[in-house]
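Residue-level listing of the chains:
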Amino acid sequence: MAARELRAVFSRLRRTLREASGTSDLTPSQAAVLSRLINDGLSSASELAVAERVRPQSMAATLAALEQRGLIERRPDPEDGRRQLISLTGAGVELIADSRRAREEWLARAMEERYTEAERGTVLAALALLDRLNRR
């Protein structure tokens, strides 16, 4: 029961944050690729497909949509001319930065308005406990 409720709460929060980010016109796959590229830098389509656990054909469609919007660019791999490396354009970097800033601002404001100081402390303590789920 707790696992189901936790998943549901996180799903609703993720949806709300996505709406606050101004990137709701991106698919979840597109947003994940942009986020991965801002964190990892250059990557190939096959590396992105493996990292996102999708078929190469699905990643190709995601990348085509992002490229059409001017958010990513491709260039030949200097070490292997058959491969293309994908990176964010300036517009892609700006979109991700603006999105992250909007989500953080919304979350900070919502927590300030809706929680007491003691409740914010409880949330931080719960986050520390939840973070242990990520450790192996």
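The following paragraphs examine the structure supplied in this document. (Residues numbered from 1 in each chain as written. Predicted model: local features only at pLDDT ≥ 70, side-chain atom pairs only at ≥ 80, totals over all residues. Heavy atoms only, no water.)

**Quick look at the layout of surface pockets**
Alright, step 1. Counted as a void, the largest pocket has a volume near 540 Å³.
Alright, step 2. The element best represented in the lining of the largest pocket is helix 1 (residues 2-21), accounting for six residues.
Alright, step 3. Grouping the constituent residues of the lining of the largest pocket by class yields 13 nonpolar, two polar and two charged.
Alright, step 4. Roughly 380 Å³ of internal volume is contained in the second largest pocket.
Alright, step 5. Only helix 1, helix 2 (28-40) and helix 5 (90-114) provide two or more residues apiece to the lining of the second largest pocket.
Alright, step 6. In terms of residue class, the lining of the second largest pocket is made up of six nonpolar, four polar and three charged. (1 Å grid on protein atoms, 1.4 Å probe; cavity = no way out; pocket = protein on both sides within 12 Å on 5 of 7 lines; lining within 4 Å. Points joined across faces, edges and corners; volume = space filled by probe spheres on them. Helix = DSSP H or I, 4+ residues; strand = E, 2+ residues; numbered from the N terminus. Nonpolar A, V, L, I, M, F, W, Y, C, P; charged D, E, K, R; others polar.)

**Considering the environment of Leu 88**
Alright, step 1. By secondary structure assignment, the location of Leu 88 is in strand 3 (residues 80-88).
Alright, step 2. A relative accessible area of 14% places Leu 88 in the buried class.
Alright, step 3. Sequence-wise, Leu 88 and Leu 42 are 46 residues apart; in three dimensions their C-alpha atoms are separated by 8.2 Å. (Buried < 20%, exposed > 50% of the residue type's maximum accessible area, 1.4 Å probe, protein only.)

**Points about the packing of helix 3 (residues 45-52) against helix 4 (residues 56-68)**
Alright, step 1. Running from amino to carboxyl end, helix 3 crosses helix 4 at an angle of 110 degrees, the nearest separation of the two axes being 9 Å. By the angle between their axes, helix 3 is roughly perpendicular relative to helix 4. Taken as a pair, helix 3 and helix 4 cross one another with a handedness that is right-handed. For the pair helix 3 and helix 4, the contacting residues are Ala 45, Leu 48, Ala 49 and Glu 52 in the first and Pro 56, Met 59 and Leu 63 in the second. (Axes fitted to C-alpha atoms, helices over the stretch in contact; angles between N-to-C directions. Parallel < 35°, antiparallel > 145°, perpendicular 65-115°, else oblique. Left-handed = near helix turned anticlockwise from the far one by under 90°. Contact = heavy atoms within 4.5 Å.)

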